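Listed below, chain by chain, are the residues.
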There are 2 protein chains.
Amino acid sequence: MAAFDGSIQRLIEAFAKLPSIGPKGATRLAFHVLSSPRQEAQELAEALIAVKDNVRFCEICGNVCETSPCPICVDSRRDRSTICVVADPRVVMSIERTGEYRGLYHVLGGTINPMANVSAADLRIAQLLERLQNPEVKELIFALNQDVEGEATVTYISRLLAQVDIQITQLASGLPVGSDLEYADDITLGHALSGRRSLH
Amino acid sequence: MAAFDGSIQRLIEAFAKLPSIGPKGATRLAFHVLSSPRQEAQELAEALIAVKDNVRFCEICGNVCETSPCPICVDSRRDRSTICVVADPRVVMSIERTGEYRGLYHVLGGTINPMANVSAADLRIAQLLERLQNPEVKELIFALNQDVEGEATVTYISRLLAQVDIQITQLASGLPVGSDLEYADDITLGHALSGRRSLH
């Protein structure tokens, strides 16, 4: 028998459907909601509905936004000669936070992954090629995870662009800032060595 | 600058207010909501509001419920001679799940903890004493955490009941089922030894 009446049990079950929240975590969250101000629960409830109501994908870059084209695509102050290719809108946020990039983005919606049944046709590659028809674009920066799927996606798209006159680059691979050389993994250390920079 | 438009950012912030969910976890949850069916977000939103609207505390036992007195307190099939004293409604759920207990409950709402500014007056001890006026009650089972606060609370209430003719017990302390003796901590092993059971 469930010891809790309907509402709490339903809230626990709804929380438990979220990723990486198990039954115990869901119970803790539900009891937090129970003991916290009504305002907080209301805000979360409204934010959930607002996201489903308002958020769409930008018709140009594929980023999540509330107006399509998204604010980045329509921002005239951004450098239109560079497009940064990412797998996921979350990476757009990470790169924006650095404040180091002023170009445009293109969100693929994933990486080529035969194990997860994601092929090149499932990604927004055709839309990327179409954007590259614009002679304004001079550089394509790949900001994909440097794993098998990321590398496969970079190789696949690079080959498609073999005949296109455009600079293609990839994020630098190397040691994270502040990391300890002693604990660096072999592959990262190898990449850091082969990609070493000249200091003068 | 925030790379996301309002709705997603607001959802991330609302998730991040929940305990043990940091900014990265909140972002992951928000993107999960974005890519999952609308129905799921709607259910969570409605469950949040329903909990705040419907849930109250049982006037008798202090458990969370939607009707006061709660279903356990009004259930005529339950054994009214035994009251199990717990700190938190979550423990009621845990004990109910065992299916081993058919008595009533009393939720204290915490344990005596001077460090957290919780004194005996903050707990539902007066209500417990009042319930014990009923001669039907024969046994009080303490199901509090066996830490300093739990022990202090058991001692405090037991002293108040020194003159009351009622059996007072506490959950058995010992080795968890399936645990490895080799890795048992000293205090648990000590309790298991001093509380050893005769087999015939």
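Preceding this section is the structure that the text describes.
Note that this is a predicted model, so its numbers are computed, not measured.

Asks: Hey, could you run me through the overall build of chain A in this one?
Replies: In terms of regular secondary structure, chain A is built from eight helices and six strands. Its helices and strands taken in sequence order, chain A reads α-α-α-β-β-α-β-α-β-α-β-α-β-α from the N to the C terminus. For a compact globule of 200 residues, the expected C-alpha radius of gyration is about 16 Å, and chain A comes in at 22 Å, more than 25% above that figure. Across its three principal directions, the C-alpha atoms of chain A cover 65 × 45 × 35 Å. When contacts within chain A are restricted to residue pairs at least 6 apart in sequence, those whose partners lie at least 24 apart make up 47%. Both charge centroids of chain A, one from 19 positive and one from 25 negative side chains, sit 3 Å from each other.

Asks: Before we go on, may I ask you to explain the relation of the copies chain B and chain A in this structure?
Replies: Two copies of the chain are present, and they differ by a rotation about an axis and a shift along that axis. Mapping chain B onto chain A leaves a residual RMSD of 0.1 Å; the transformation is a rotation of 179° accompanied by 0.1 Å of translation along its axis. The transformation just described matches what one would write down for a two-fold rotation axis. Nearest to the rotation axis, the C-alpha of Ala45 of chain B is located 2.0 Å from it, this being the minimum over chain B.

Asks: How do you make sense of the interface of chain B and chain A when you look at a structure like this?
Replies: It is common to give the size of an interface as the accessible area lost on bringing the parts into contact. Tallying the contact residues gives 56 residues for chain B and 56 residues for chain A. Summing both sides of the interface, chain B and chain A together bury roughly 5100 Å²; the carbon and sulfur share of this comes to 70%. Where chain B packs against chain A, one counts four salt bridges. One salt bridge in this structure joins Glu43 of chain A and Lys17 of chain B, with 3.0 Å as the shortest N-O distance. Across the chain B-chain A interface, the total number found is 16 residue pairs in polar contact (both at pLDDT 80 or more). Broken down by secondary-structure element, the contributors of at least two residues to the side of chain B that touches chain A are α1 (6-16), α2 (23-35), α3 (38-54), β2 (64-65), α4 (71-74) and α5 (89-98) of chain B. Top contributing element to the side of chain B that touches chain A by residue count: α3 of chain B, with 15 residues. A per-class count over the side of chain B that touches chain A returns 31 nonpolar, twelve polar and 13 charged.

Asks: Help me out: how do you make sense of the packing of helix α2 (residues 23-35) of chain A against α5 of chain B in this one?
Replies: Two quantities define a packed helix pair, namely the angle between the helix axes and the distance between the axes. In the contact formed by α2 of chain A and α5 of chain B, the axes pass within 11 Å of each other and the chain directions differ by 145°. Of the two elements, α2 of chain A crosses α5 of chain B, and the hand of that crossing is right-handed. Counting all contacts with α2 of chain A, which are made through Thr27, Arg28 and Phe31 of chain A, the residues of α5 of chain B involved are Pro89, Arg90 and Met93 of chain B. For the contact of α2 of chain A with α5 of chain B, the class distribution of residues is three nonpolar, one polar and two charged.

Asks: Hey, could you run me through the state of the cysteines in this one?
Replies: In protein structure, a disulfide is the covalent linkage between the sulfur atoms of two cysteines. Counted by the stated rule, this structure contains zero disulfides over all chains. Free cysteine Cys73 of chain A: the closest other cysteine sulfur is in Cys61 of chain A, separated by 3.6 Å. On the basis of relative accessibility, which here comes to 7%, the residue Cys73 of chain A falls in the buried class. Note on Cys70 of chain B: no disulfide assigned, nearest cysteine sulfur contributed by Cys61 of chain B at a separation of 3.6 Å.

Asks: Whenever I open this one, the nonpolar core confuses me. Can you help?
Replies: The nonpolar side chains of a soluble globular protein tend to be buried with one another. If you look at the biggest cluster of nonpolar residues, it comprises 42 residues, and the most contacted ones within it are Leu11, Phe15 and Leu48 of chain A together with Leu11, Phe15 and Leu48 of chain B. Among the elements of the structure, α1 (6-16), α2 and α3 (38-54) of chain A together with α1, α2 and α3 of chain B are those that each provide at least two residues to this core. If near-sequence neighbours (up to four positions away) are discounted, Leu11 of chain B is found in contact with Leu44, Ala47, Leu48 and Val51 of chain A together with Ala30 and Val33 of chain B. Of all hydrophobic cores here, the second largest spans 34 residues; its members include Cys73, Leu108, Leu161 and Ile166 of chain B.

Basis of the calculations
- Residues numbered from 1 in each chain as written.
- Chains lettered and ligands numbered in written order.
- Predicted model: local features only at pLDDT ≥ 70, side-chain atom pairs only at ≥ 80, totals over all residues.
- Heavy atoms only, no water.
- Helix = DSSP H or I, 4+ residues; strand = E, 2+ residues; numbered from the N terminus.
- Rg over C-alpha atoms; globule rule 2.2 N^0.38 Å.
- Contact = heavy atoms within 4.5 Å.
- Lys, Arg positive; Asp, Glu negative; His and termini not counted.
- Charge placed at Lys NZ, Arg CZ, Asp CG, Glu CD.
- Least-squares fit on C-alpha atoms with pLDDT ≥ 70 in both.
- Buried area = accessible area lost by both parts, 1.4 Å probe.
- Salt bridge = Lys/Arg side-chain N within 4 Å of Asp/Glu carboxyl O.
- Polar contact = N/O pair within 3.5 Å; in protein donor to acceptor, adjacent residues only side chain to side chain.
- Nonpolar A, V, L, I, M, F, W, Y, C, P; charged D, E, K, R; others polar.
- Axes fitted to C-alpha atoms, helices over the stretch in contact; angles between N-to-C directions.
- Left-handed = near helix turned anticlockwise from the far one by under 90°.
- Disulfide = S-S within 2.5 Å.
- Buried < 20%, exposed > 50% of the residue type's maximum accessible area, 1.4 Å probe, protein only.
- Core = buried A, V, L, I, M, F, W, Y, C linked by side-chain atoms within 4.5 Å.

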